[in-house]
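# Coordinates in review
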Amino acid sequence: MLWYHDHGMGMTSVNVYAGLAGLYLIRDPADERLGLPQGEFEVPLILQDRTFHPDGRLAYTMTQQEGEDTPVVNGKAYPFLAVEPRRYRLRILNASNERFWRLRFDPPRDVVLQPNLPFWLIGTDGGFRAPLQMLNFLIGPAERYDLIVDFSRLPMGSKVTLTNYHAPVHYPGVPGQGPEISEVMQFQVTKPLSGADRTTPPPKLKLPAVVPNEPEPQIHRREWVVYQHKLFSTMSFNAVPFMEPSQDFIKAGAKEIWEYVNPNHDAHPMHVHLVNFQVLNRQPIDAAAYQADYEKWIDGGRKAADKPVLANYFTGPPIPPDPDEALSYKDTFKSYPETVTRIITDPWSPPMEPIASIPNSGTELPATYVHHCHLLEHEDDDLMRPFTIVDPDAPLPAPGDDGGHGGHGGHGGHGGHGH
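Residues numbered from 1 in each chain as written. Predicted model: local features only at pLDDT ≥ 70, side-chain atom pairs only at ≥ 80, totals over all residues. Heavy atoms only, no water.

## Regarding the sheet that holds strand S23 (residues 339–345)
How we decide: DSSP calls a pair of strands paired once it identifies at least 2 bridges connecting them. Numbering of helices and strands runs from the N terminus, with a helix taken as a DSSP run of H or I at least four residues long and a strand as a DSSP run of E at least two residues long. Fitted lines through C-alpha atoms give the axes, limited to the stretch in contact for helices. The angle between two N-to-C directions lies from 0 to 180 degrees.
Judged by pairing direction, the sheet is mixed, and its 5 strands sit side by side in the order S17-S16-S19-S23-S21 without closing on themselves. Pairing within the sheet leaves two strands with one partner each, and these edge strands are strand S17 (235–237) and strand S21 (277–284). Ignoring strand direction, the axes of neighbouring strands in this sheet form an average angle of 20 degrees.

Next up, the structure:
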């Protein structure tokens, strides 16, 4: 499940808030044989938070507070979905500007022995993964979760509430600083069974396996530091404004490890255009010391020899990926506070062939794409940088040269591949 949205620099946040976003599904005919719920039993759910004026018009209040006050799913506030007592496939997209959601399915207290309804995660941003039984999950902006939820053991008339908890804006945040949203939507088991449920039980699903992406010994690594000089000032990657020409040149066909260094107190959902990746690990850092030394390095003229060495700031060993992101194809991940998060990409391969027989529609190298924080107000505020895919046999462009492709546009443009 992919999605698309407006990407106007400095205006993405308000344009997406106004409604310029949507999703689409890419199917494989082989999926038909997996035994998954389909048709009316496969339901996309776009989660957003909004605030409304008394007359129903949208109010944008993010300049006054952190987060909005009303849950909106597929464009409706506090909706419900009437369901049959059977398995459903729920395709969840967090399309909020800044809100993380920590979600669980709460059935009526007198119906089941445990307080929330178990479900199965079967896919993430880039497609299927091994089924994983879960009781709750944390989803950052732009992430997608593909779930199987079984309503068959609930009595007719049961009401299951999709509940959000322990996820203030900005995550992990301070409770009480902005509007908190607990109840998101309701699933009402009120429709009679229209036919036997012949879908495959999740533990027996045979989904395409995600093979671990192992780094080669000489794999290229890049550091991306979430830099903010002081609270409420502009954020950027590596203290470089978005509009500066691309400084990162990646050989087509290569894999890379990107290390996102987050010395902030907030988590940032990071999205990379064009490529799928896997989360390798995370490692805690002495954020205050690193930030102070990074500031000195910038003030001292950014001499390569003086740049702070990340390894000198680790405060513990690497931590494996969260279970719901391990061995999963991702295009967006959570960069947790005071932590370095490492991702390993698939080979970088822009679509070179013409698309749908449209002449000259294939990508030409060098091609420039972007990666950015998916807190849209942060993206608008410069937490976004271009990178350029180059022919592995061609000489690298000179510093400041965008390869003759007009700044950030190029034939790769802002590379919608990956949303």
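Next comes the rest of the write-up.
## Re the side chain of Thr163
The condition is simple: Burial classes: relative accessible area under 20% of the type maximum marks a residue as buried, over 50% as exposed, and values in between as partly exposed (1.4 Å probe, protein chains only). Think of a polar contact as two N or O atoms within 3.5 Å of one another; within protein, one of them needs to be a possible hydrogen donor and the other a possible acceptor, and neighboring residues in sequence only count if both atoms come from side chains. The contact criterion used throughout is that any non-hydrogen atoms of two residues lie within 4.5 Å.
Here Thr163 is to be found in strand S14 (residues 159–164). Judged by relative accessible area, which is 9%, Thr163 ranks as buried. There is a polar contact of 2.8 Å between the side chain of Thr163 and the side chain of Asp106. Each residue touching Thr163, except ones within four places of it in the same chain, is listed here: Arg102, Leu103, Arg104, Asp106 and Ser182.

## Focus: the environment of Met62
Here Met62 is to be found in the loop between strand S4 (58–59) and strand S5 (70–73). For the pair formed by Met62 and Asn97, sequence separation is 35 residues and the distance between their alpha carbons is 9.3 Å. Not counting residues up to four positions away in its chain, the partners in contact with Met62 are Gly67, Glu68, Asn97, Glu98 and Glu377.

## Quick word on the packing of aromatic side chains
To keep things clear, this is the line we draw: In this scheme Phe, Tyr and Trp rings, the latter by its six-membered ring, pair at centre separations within 6.5 Å, and the angle between planes marks the pair as stacked below 30 degrees, edge-to-face above 60, and tilted otherwise.
For the structure on display, the rule yields 24 aromatic pairs. Taking 5.2 Å as the distance between ring centres and 25 degrees as the angle between the ring planes, the aromatic pair formed by Phe100 and Tyr171 counts as stacked. Residue Phe100 is located in the loop between strand S8 (87–94) and strand S9 (101–106), and its partner Tyr171 is located in the loop between S14 and strand S15 (183–189); the two are separated by 71 residues in the primary sequence. Among the residues examined, Phe100 registers a relative accessible area of 1% and is labelled buried. When the ring of Phe105 is compared with that of Phe119, the centres are 5.3 Å apart and the planes differ by 70 degrees; the resulting orientation is edge-to-face. Residue Phe105 is found in strand S9, and its partner Phe119 is found in strand S10 (residues 119–124); the two are separated by 14 residues along the sequence. Among the aromatic residues, ring-to-ring pairing joins Trp224, Phe237, Trp258, Tyr260, Phe277, Phe333, Trp348, Tyr369 and Phe387 into one connected group.

## Concerning the nonpolar core
Soluble, globular proteins show a tendency: their nonpolar side chains are buried together. Our working rule: Side-chain atoms within 4.5 Å link the members of a nonpolar core, which is a set of buried Ala, Val, Leu, Ile, Met, Phe, Trp, Tyr and Cys residues.
Counting 30 residues, the largest nonpolar core has Leu45, Leu90, Phe105, Phe137, Leu147, Phe151 and Phe187 as the members making the most contacts within it. Those elements that provide at least two residues to this core are strand S3 (42–52), S8, S9, S10, strand S12 (137–139), strand S13 (144–150), S14 and S15. The residues contacting Phe105, other than those within four sequence positions of it, are Leu90, Asn116, Leu117, Phe119, Leu147, Val149, Val160, Thr161, Leu162 and Phe187. Ranked by size, the runner-up nonpolar core spans 29 residues in total, among them Ala267, Leu274, Tyr369 and Leu375.

## With respect to the confidence of the model for the protein chain
Let me state the cut-off plainly: The predictor attaches a confidence to each residue, called pLDDT, with possible values from 0 through 100.
The pLDDT averaged across the protein chain works out to 92; a share of 93% of its residues lies at or above 70. pLDDT under 50 marks residues 402–419. Its contacts with residues more than four places away, or in other chains, come to 53 contacts.

## A word on helix H2 (residues 287–299)
Note the threshold: Given a helix with a known number of residues, its expected span is that number minus one, times 1.5 Å. In this description, the arc belongs to the directions extending from the helix axis to the C-beta atoms.
Across its 13 residues, H2 extends 18 Å between first and last C-alpha, which sits within 8% of the 18 Å expected from 1.5 Å per residue. Burial in H2 covers these residues: Ala287, Tyr290, Gln291, Tyr294, Glu295, Trp297 and Ile298. Looking down the long axis of H2, one finds its buried residues gathered within 160 degrees of arc, a one-sided arrangement. Across H2 from its buried face, at more than 90 degrees, point the exposed residues Ala288, Lys296 and Asp299. Among the structural elements, strand S16 (220–228) and strand S19 (256–262) are those in contact with the buried residues of H2. Residue Gly301 follows H2 closely and has a positive phi angle near 95 degrees.

## What to know about the sheet that holds S12
Ordered by their spatial adjacency, 5 strands build an open sheet running S7-S15-S14-S9-S12, and the pairing between neighbours is mixed. Each edge of the sheet is formed by a strand with only one pairing partner; in this case those strands are strand S7 (80–83) and S12. Ignoring strand direction, the axes of neighbouring strands in this sheet form an average angle of 25 degrees. Bridge count for S9 against S12 is 3 bridges, and the pairing is antiparallel. Its bridge partner being in S12, Leu103 is matched across the sheet by Phe137.

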